[in-house]
Amino acid sequence: VSTQSTGVSEAVKVLRKSGYTRLEEHKEWALKPGGQYFLTRNSSTLIAFALGEKFTPGNGCQIIGAHTDSPCLRVKQRSKHECVGYSQVRCECYGGGIWATWFDRDLKLAGKVMVRGEGGSISARLAHIDQPLLHIPTLAIHLDRTVNEAFKFNKEEHLLPVLGLVEKELEGLPAEKKLTGVEKQQAPFHSHHTPKLVALLADNIGCKVDEILGFDLCLADYSPAGFCGLNNEFLMAPRQDNLVNAWAGLRALADFKTASSSTAAVLCLYDHEEVGSQSAHGAGTELTNLVLRRISENKIELCIPQSFLRSADQVHAVHPNY
């Protein structure tokens, strides 16, 4: 799982296998005691719930809240960059990451792509280019003798992943014409990105280059997760904050026994926790409140005093070196 959308997609697969039914926010719901349901927003936020067979509207809810996003480097909407013969990808820092750890790693690309279909329809497709595609190299120690005293870098200038070499310069071809401000605004989306990268992306999701309308792509460590230690006691994996608790909450919901319960078990997995939760699909919206109102059939004043919510997020363990 490399991004919020792929995390929600995997969660939906687990829920469907457990017998959960998808709901839509803009449609009427016909909830029944013993029923199992879920809904998504923006394909990166998910709320799922199971009603006990003895549940009646106004009864309490047992809620677990977690988040799907993690600090990462996000590809900018105008990502094409060339410098001294290198093709690079402009990125922005998302969340509170330890950005020094992104240097000297093989990086892959994953996320969501918006595609224009027949009749002008627009759909979202998940992309996952699972290969060592990008790299952010550090400067050789010969050019920075103080690097071991303090590793300092400029996020805008030095966190620019290298994608490859500029083929036009290798082949001695003339450089592309630079667009003016008006021409940039009128240019198609794919023209703001390296052509071969967009072609690779289109091939990955099975569409044409000119059908791509936009994307939300993140860089991710290409190295697979695994265990280490004398007894394999340590999990070595990125994005444990907060996919660990998202997974724990998902398993708890899938194992919830409705037969003898009079409550509702609810799982909320929200996007954008790392940047304040104040988006249309973050925890700061009315989404949880709206779902609880529909579960309780507008008897939320009775439901809330009988409910509890546990916020499940990853915390720090003891560090032997500090």
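First, a word on what this report is: a plain description of the structure on this page. (Residues numbered from 1 in each chain as written. Predicted model: local features only at pLDDT ≥ 70, side-chain atom pairs only at ≥ 80, totals over all residues. Heavy atoms only, no water.)

## A short note on the overall build of the chain
Scanning the chain from N- to C-terminus turns up eight helices and 14 strands. Each principal axis of the C-alpha distribution contributes one length, and for the chain these read about 75 × 60 × 30 Å. Counting contacts in the chain only where the partners sit at least 6 residues apart, residues at least 24 apart contribute 70% of the total. Looking at charge distribution, the chain has the averaged site of its 34 positive side-chain charges lying 4 Å from that of its 36 negative ones. (Helix = DSSP H or I, 4+ residues; strand = E, 2+ residues; numbered from the N terminus. Contact = heavy atoms within 4.5 Å. Lys, Arg positive; Asp, Glu negative; His and termini not counted. Charge placed at Lys NZ, Arg CZ, Asp CG, Glu CD.)

## Digging into helix α6 (residues 240–254)
Because an α-helix packs 3.6 residues into every turn, residues spaced three or four apart end up facing the same way. Between the first and last C-alpha of α6 there are 20 Å, a value that for 15 residues agrees with the 21 Å anticipated at 1.5 Å per step. Looking only at α6, the buried set comprises Asn 242, Leu 243, Asn 245, Ala 246, Gly 249, Leu 250, Leu 253 and Ala 254. In this structure, the buried side of α6 is in contact with α1 (4–17), β3 (45–51), β4 (61–67) and β13 (264–270). (Expected span 1.5 Å × (residues − 1). Buried < 20%, exposed > 50% of the residue type's maximum accessible area, 1.4 Å probe, protein only.)

## A closer look at the sheet that holds β13
Sheet architecture is open: six strands sit in the order β1-β2-β3-β13-β4-β14, paired in mixed fashion. In this open sheet, the two edge strands, each paired with only one partner strand, are β1 (21–22) and β14 (308–311). Strands in contact with α6 are β3, β4 and β13; relative to β4, the strand with the most contacts, it is inclined by about 155°. Packing of helix α7 (residues 287–295) onto the sheet brings it into contact with β2 (36–41), β3, β4 and β13, and relative to β3 it is tilted by some 20°. (Pairing = 2+ DSSP bridges. Axes fitted to C-alpha atoms, helices over the stretch in contact; angles between N-to-C directions.)

## Considerations on the pairing of strand β10 (residues 212–221)
Of all ten residues making up β10, eight are buried, and the element is well covered by its neighbours. One ladder, built from nine bridges, connects strand β7 (residues 106–116) with β10; its direction is antiparallel. Bridging across to β10, Leu 107 finds its partner in Asp 221.

## Here's the deal with the side chain of His 281
Take His 281: it is sitting in the loop between β13 and α7. One polar contact links His 281 to Asn 42, side chain to side chain, over a distance of 3.0 Å. When neighbours within four sequence positions are excluded, His 281 is seen to be in contact with Arg 41, Asn 42, Ser 44, Thr 45, Tyr 270, Asp 271 and His 272. (Polar contact = N/O pair within 3.5 Å; in protein donor to acceptor, adjacent residues only side chain to side chain.)

## Here's the deal with the environment of Ser 5
Along the chain, Ser 5 falls in helix α1. Considered as a pair, Ser 5 and Gly 96 are 91 residues apart in the sequence and their alpha carbons are 19 Å apart. Those residues within four positions of Ser 5 in sequence are excluded, and the remaining contacts are Asn 42, Ser 43, Ser 44, Lys 112 and Leu 126. Here Ser 43 takes part through its side chain, which lies 3.3 Å from a polar atom of the side chain of Ser 5.

## Side note on the packing of aromatic side chains
Summed over the entire model, instances satisfying the criterion amount to seven aromatic pairs. Relative to Phe 49, the ring of Tyr 37 has its centre 5.5 Å away and its plane inclined at 40°; by these criteria the two rings are tilted. With Tyr 37 in strand β2 and Phe 49 in strand β3, this pair connects stretches of sequence that are twelve residues apart. A relative accessible area of 0% means that Phe 49 is categorised as buried. Between Phe 189 and Phe 215, the ring centres sit 5.0 Å apart and the planes meet at 80°, which makes this aromatic pair edge-to-face. Here Phe 189 is found in the loop between α4 (181–186) and α5 (195–205), whereas its partner Phe 215 is found in strand β10, with 26 residues between them in sequence. Among the aromatic residues, ring-to-ring pairing joins Trp 29, Tyr 37 and Phe 49 into one connected group. In this structure, Arg 294 is placed above the aromatic ring of Trp 29, and the distance from its NZ or CZ to the ring centre is 3.9 Å. (Phe/Tyr/Trp six-rings, centres within 6.5 Å; stacked < 30°, edge-to-face > 60°. Lys NZ or Arg CZ within 6 Å of the ring centre and 35° of its normal.)

## A short note on the nonpolar core
Buried together is how nonpolar side chains tend to be arranged in soluble globular proteins. Counting residues in hydrophobic clusters, the biggest one holds 31 residues, and the most contacted among them are Leu 109, Val 113 and Leu 219. For this core, the elements supplying multiple residues, two or more each, are β5 (72–83), β6 (86–94), β7, β8 (122–135), α5 and β10. If sequence neighbours within four positions are ignored, Val 113 has contacts with Ser 123, Ala 124, Arg 125, Ala 127, Leu 201, Ile 205, Ile 212, Gly 214, Phe 215 and Leu 217. Core analysis: the next-biggest nonpolar cluster, separate from the first, contains 20 residues, Phe 55, Val 266, Cys 268 and Leu 287 among them. (Core = buried A, V, L, I, M, F, W, Y, C linked by side-chain atoms within 4.5 Å.)

## A closer look at the pattern of salt bridges
Within this structure, the stated rule accounts for seven salt bridges. Between Arg 74 and Asp 216 there is a salt bridge whose closest N-O contact spans 2.9 Å. One end of the pair, Arg 74, is in strand β5; the other, Asp 216, is in strand β10, with 142 residues separating them in the sequence. Asp 216 gets classed as partly exposed once you look at its relative accessible area, which sits at 27%. Notably, a salt bridge pairs Asp 130 with Lys 108, separated by 3.7 Å at the nearest N-O pair. Separated by 22 residues along the polypeptide, Asp 130 in strand β8 and Lys 108 in strand β7 bring together distant segments of the chain. Judged by relative accessible area, Lys 108 falls into the buried class, the value being 9%. (Salt bridge = Lys/Arg side-chain N within 4 Å of Asp/Glu carboxyl O.)

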